[in-house]
Amino acid sequence: QVQLVESGGGLVQAGGSLRLSCAASGRTFSTLTMAWFRQAAGKDREFVAVISWSGRTTYYADSVKGRFAISRDNAKSTVYLQMNSLKPEDTAVYYCAAAPLEWVKRGSHDYDYWGQGTQVTVSS
């Protein structure tokens, strides 16, 4: 079992920045592929970013490419999502997800473990 706890959400004005954190416990963190998803009100959950267990491979949704950056600190069992140049359309609940994958994947069904989510609200 893996427990994931997100933090760092909040209210920010358009153009601002936030950094989300997701702390993992219960399994060797360095074996896990980590991803961020988000779900806006009334919409399906969507992929945001993923980072391989080694940290060498990352992928981003087109909508956040160039604005968001995913990173991990295996010594702290934590994955981060740095969000810059935030837009009102980035408003959503952001979820951290984990799975012991050999390859990075972008489907929510590929992930076994999920955090409780953290709200990000971007005002215009």
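Reading guide: rules and limits
- Residues numbered from 1 in each chain as written.
- Predicted model: local features only at pLDDT ≥ 70, side-chain atom pairs only at ≥ 80, totals over all residues.
- Heavy atoms only, no water.
- Core = buried A, V, L, I, M, F, W, Y, C linked by side-chain atoms within 4.5 Å.
- Buried < 20%, exposed > 50% of the residue type's maximum accessible area, 1.4 Å probe, protein only.
- Helix = DSSP H or I, 4+ residues; strand = E, 2+ residues; numbered from the N terminus.
- Contact = heavy atoms within 4.5 Å.
- Pairing = 2+ DSSP bridges.
- Axes fitted to C-alpha atoms, helices over the stretch in contact; angles between N-to-C directions.
- Disulfide = S-S within 2.5 Å.

Our focus in this paragraph is the nonpolar core. Grouped together as the largest cluster of nonpolar side chains are 39 residues, with contacts concentrated most on Leu4, Met34, Trp36, Val79, Leu81, Met83 and Tyr94. For this core, the elements supplying multiple residues, two or more each, are strand 3 (18-25), strand 4 (33-39), strand 5 (46-51), strand 7 (68-73), strand 8 (78-83), strand 9 (92-99) and strand 11 (118-123). Per-element tally for this core: the top contributor is strand 9, with 6 residues. Apart from residues lying up to four places away in sequence, Met83 is in contact with Gly16, Ser17, Leu18, Leu20, Arg67, Phe68, Tyr94 and Val120.

Taken together, the 4 strands give an open sheet; going across it, the order is 1-3-8-7, and neighbouring strands pair in antiparallel fashion. The open sheet is flanked by strand 1 (3-7) and strand 7, the only strands paired with a single partner. Each strand axis lies, on average, 15° off the axis of its neighbour in the sheet, ignoring direction. When strand 1 meets strand 3, the two strands line up antiparallel, connected through 5 bridges. Following the sheet pairing, Ser7 is matched in strand 3 by Ser21.

Moving on: the state of the cysteines. Evaluated as defined, the whole model comprises 1 disulfide. Here Cys22 connects covalently by a disulfide to Cys96, the sulfurs 2.1 Å from one another. A torsion of -80° about the S-S bond marks the disulfide between Cys22 and Cys96 as left-handed. With Cys22 in strand 3 and Cys96 in strand 9, the pair connects residues that are 74 residues apart, well separated along the chain. By relative accessible area, which is 0% here, Cys22 ends up buried. Judged by relative accessible area, which is 0%, Cys96 ranks as buried.

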